[in-house]
Amino acid sequence: MAASGEPGRQWQEEVAAVVVVGSCMTDLVSLSSRLPKPGETIHGHKFFIGFGGKGANQCIQAARLGAKTSMVCKVGKDSFGNDYIENLKQNGISTEFTHQTKDAATGAASIIVNNEGQNIIVIVAGANLLLNTEDLREAASVISRAKVMICQLEINPATSLEALTMARSSGVKTLFNPAPAIADLAPQFYTLSDVFCCNESEGAGDSFVGALAFYMAYYPNLSLEEMLKRSNFIAAVSVQAAGTQSSYPYKKDLPFHLF
């Protein structure tokens, strides 16, 4: 079931230039003075819930720079999923192909961070792993009309590969972020990617990828070197604020020369 909501008709008329096929994760973050030992319960001093997942992070950064975006993803039919869809809408992202399923919970990451910034993380991908061929076929019209499509590896790799194949067959530029890294990456990922962008960080790295997709879509005449410089500048801005998506800058807050 697609969660298109009221904005759906508007988005049918306005084609997304940047389409992301990828993940949505709810971050459950606990801050404590130190990390617990096995079997130990300790007190923390702060807890918050954030929006994460490499796919959605990248989509939101592109949207905040002014890109018309669409998110092809799957969340659970639960409160986290409902909140995530609302988060995408508030960032101006089309949720026409943001699906909800009863068969798995919304992807979640349980994160504990100590005073030194060290962390331990457990990720349960949940509904992300259920994004499938049928979902991609439903989204074929938006993928085929995009200028740039982004994929990562927080969903089933076979789904990412199929999305890249669909985009390439329609002449859409492909930006592939092979993270989290896997040992036996199929060679087709290399041949189907116009830009193969390696990074593991879920923050500055995702801001960088989202910004790069924006420039590829809206400033195609820039050299790749210039696109990379501008994307790196935007990612550097993001690390100066707290949080993941909450740290991503808007176009209005960035220097004029970037645009």
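As a reminder, the structure under discussion sits directly above these lines.
The sections below set out a description of the structure shown in this document.

Analysis parameters
Residues numbered from 1 in each chain as written. Predicted model: local features only at pLDDT ≥ 70, side-chain atom pairs only at ≥ 80, totals over all residues. Heavy atoms only, no water. Helix = DSSP H or I, 4+ residues; strand = E, 2+ residues; numbered from the N terminus. Rg over C-alpha atoms; globule rule 2.2 N^0.38 Å. Buried < 20%, exposed > 50% of the residue type's maximum accessible area, 1.4 Å probe, protein only. Contact = heavy atoms within 4.5 Å. Areas by Shrake-Rupley, 256 points an atom, 1.4 Å probe, with all protein chains shown as cover. Lys, Arg positive; Asp, Glu negative; His and termini not counted. Charge placed at Lys NZ, Arg CZ, Asp CG, Glu CD. Phe/Tyr/Trp six-rings, centres within 6.5 Å; stacked < 30°, edge-to-face > 60°. Lys NZ or Arg CZ within 6 Å of the ring centre and 35° of its normal. Expected span 1.5 Å × (residues − 1). Arc of directions from axis to C-beta. Pairing = 2+ DSSP bridges. Axes fitted to C-alpha atoms, helices over the stretch in contact; angles between N-to-C directions.

Here we come to the overall build of the protein chain. Across its full length, the protein chain holds 9 helices and 10 strands. Relative to a compact globule of 259 residues, whose C-alpha radius of gyration would be 18 Å, the protein chain shows 18 Å and is just as compact. Structurally, the protein chain occupies a C-alpha span of about 55 × 45 × 40 Å along its principal axes. Within the span of the protein chain, comprising 259 residues, buried residues form 49% of the whole. Pairs at least 24 apart in sequence give 70% of the contacts found in the protein chain among residues at least 6 apart. In the form shown here, the protein chain has an accessible surface area of approximately 12,200 Å², with 54% of it arising from carbon and sulfur atoms. Both charge centroids of the protein chain, one from 20 positive and one from 24 negative side chains, sit 5 Å from each other.

Under the defined criterion, the tally for this structure stands at 9 aromatic pairs. Look at Phe-214 and Tyr-215: their rings are 5.1 Å apart centre to centre, the planes differ by 70°, and that puts the pair in the edge-to-face class. Put simply, the rings of Phe-214, Tyr-215, Tyr-218, Tyr-219 and Phe-259 touch in pairs and so form one group of aromatic residues. A cation over a ring is seen here: Lys-251 above Phe-259, with NZ or CZ 5.1 Å from the ring centre.

Right, let's talk about helix α3 (residues 79-90) for a bit. Along its 12 residues, α3 runs 16 Å from first to last C-alpha, staying within 8% of the 16 Å computed at 1.5 Å per residue. Of the positions making up α3, those classed as buried are Gly-81, Tyr-84, Ile-85, Asn-87 and Leu-88. Taken around the axis of α3, the buried residues stretch over an arc of 160°, which confines them to a single face. For α3, the secondary structure elements touched by its buried residues are β2 (25-31), β3 (46-52), α2 (54-64), β4 (69-76) and β5 (98-101). Backbone geometry just downstream of α3 places Gly-92 in the positive-phi region, at approximately 75°.

On the basis of which strands lie adjacent, the open sheet formed by 4 strands has the order β3-β2-β6-β7 and mixed pairing. Looking along the sheet, the strands with just one partner apiece sit at the ends: β3 and β7 (119-124). Geometrically, the sheet is characterised by an average inter-axis angle of 15° between neighbouring strands, direction not taken into account. Two elements, strand β6 (residues 108-113) and β7, share 6 bridges in a ladder whose sense is antiparallel. Of the residues in β7, the one forming a bridge with Ala-109 is Ile-123.

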